Amino acid sequence: MPDKLNHLPAKSRDVALGFTKSLEAAFVNNLLSVILYGSAAGGEFIEGKSDINTLIVLNKISITELDSIMKAAKDFTKKGLAIPLIFDTNHIATSLDTFPIEFSDMRQRHILLFGTDPLENAKIETKNLRFQCERELKSIIINLRRGYLQSAGRKENIQSLLVNSHSSVIAACRGLIYLSGKTPSDSIDSLIAEVKSIYNIETEAISRVWHLKKGKSDGKPELTSLLNDYSCEISKLAAAVDKM
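Residues numbered from 1 in each chain as written. Predicted model: local features only at pLDDT ≥ 70, side-chain atom pairs only at ≥ 80, totals over all residues. Heavy atoms only, no water.

1. Thoughts on the sheet that holds strand β4 (residues 110-115)
- Spatial ordering of the open sheet is given by β3-β2-β1-β4, a layout of 4 strands whose pairing is mixed. The two strands at the open ends of the sheet, each matched to only one other strand, are β3 (85-88) and β4. Strand after strand, the sheet turns through a mean of 20° between neighbouring axes, direction not considered.
- Across the sheet, helix α3 (residues 100-108) is in contact with β1 (31-37), β2 (53-58), β3 and β4; its angle to β4 comes to roughly 80°. (Pairing = 2+ DSSP bridges. Helix = DSSP H or I, 4+ residues; strand = E, 2+ residues; numbered from the N terminus. Axes fitted to C-alpha atoms, helices over the stretch in contact; angles between N-to-C directions. Contact = heavy atoms within 4.5 Å.)

In C-alpha cells:
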C-alpha cells in the first residue's frame, strides 16, 4: 500500500494512510472501501494547495456513522484532508448517470486504500457525460460573471475568482477528453493542450490561470483582461459541446 503513495509528499501520504487506519479502527464489518482520488492519486498535486480527496463506502449510513467519520477525520482536516465522499453499497451504481465526469475521473485516477474497488465495474454513458460537460462549463461561466460583480473590481478578488474556479474548469476539461474517447493526461499543461487540439479552441487563458494558481505567472497579469479571455474560452468550449 505505501508504495502506491510514493508520488505524494511524506506529510500528505501520512494523512491518507492515517485517515484510512482511523476508519478501520472506527468501523469493523461496516467499512467496505476507501479510495484516494483526484490529483493526490495521480496528477499535479501541490502540497498545501491541493486537497487529499477520499471516497468511503459503507454497508449502512446513519448519523452514527457520520459522527464516527467526523471523529476519524478530525486530526487530518487541517493537514489537507478534504471532506470525504460517503456512499452506501448501491449509491455509486445509481449515481454514475448523475455525476459522469466525477466518476470517469475517479475511475481513471484512484488508489484503493482499503477493501474492494467500488469503481472496478463502473460504466459511464456518453450521453450523460456530454450533458454534464455542457452543464458544468455553462455553470462556470455564470459563476464567473456573478463573481466579477461581487469582486467590486478589486484585483485580489478577481485573482481569487480565477484561481478558485480553475479546478472546476480542469475537471470539465477532463470530461471533454473522456467524451472524445481519449484518456486525459495527468499533467495539467498537457491536458489543456489536448483540449485545444481535440476541439480546435484556444486555451491560452486557461493555461495562464493555471500558472497563476501555481504562483508562476510571468509578471503581474492584467486580471480583468485575463478574466475576459478565460470566460470567452470556456464559453467556446461549452458551445462546442452543445453542438455534439
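2. Observations concerning the environment of Ser 168
- Along the chain, Ser 168 falls in helix α5 (residues 155-179).
- Judged by its relative accessible area of 38%, Ser 168 is partly exposed.
- Sequence spacing of Ser 168 and Leu 31 is 137 residues, and the spatial spacing of their C-alpha atoms is 30 Å. (Buried < 20%, exposed > 50% of the residue type's maximum accessible area, 1.4 Å probe, protein only.)

3. So, a nonpolar patch on the surface
- Taken together, the side chains of Ile 61, Ile 63 and Leu 66 define a hydrophobic patch exposed on the protein surface, amounting to about 260 Å² of accessible area.
- Looking at where Leu 66 falls in the secondary structure, it is placed in helix α2 (residues 63-73).
- For Leu 66, a relative accessible area of 35% translates into the label partly exposed. (Patch = residues over 30% accessible without salt bridge, like charges linked within 9 Å, V, L, I, M, F, W, Y side chains within 5 Å. Areas by Shrake-Rupley, 256 points an atom, 1.4 Å probe, with all protein chains shown as cover. Salt bridge = Lys/Arg side-chain N within 4 Å of Asp/Glu carboxyl O.)

4. Some details on the side chain of Ser 95
- Here Ser 95 lies in the loop between β3 and α3.
- With a relative accessible area of 4%, Ser 95 lands in the buried category.
- Those residues within four positions of Ser 95 in sequence are excluded, and the remaining contacts are Phe 87 and Phe 103.

5. With respect to the pattern of salt bridges
- For the structure on display, the rule yields 7 salt bridges.
- Note that Arg 109 is salt-bridged to Asp 105, the shortest N-O span being 3.1 Å. Residue Arg 109 shares its accessibility class with Asp 105, and that shared class is buried.
- Across the salt bridge formed by Glu 202 and Lys 196, the nearest N and O atoms sit 3.6 Å from each other.
- Under the relative-accessibility criterion, Glu 202 is labelled partly exposed at 39%.

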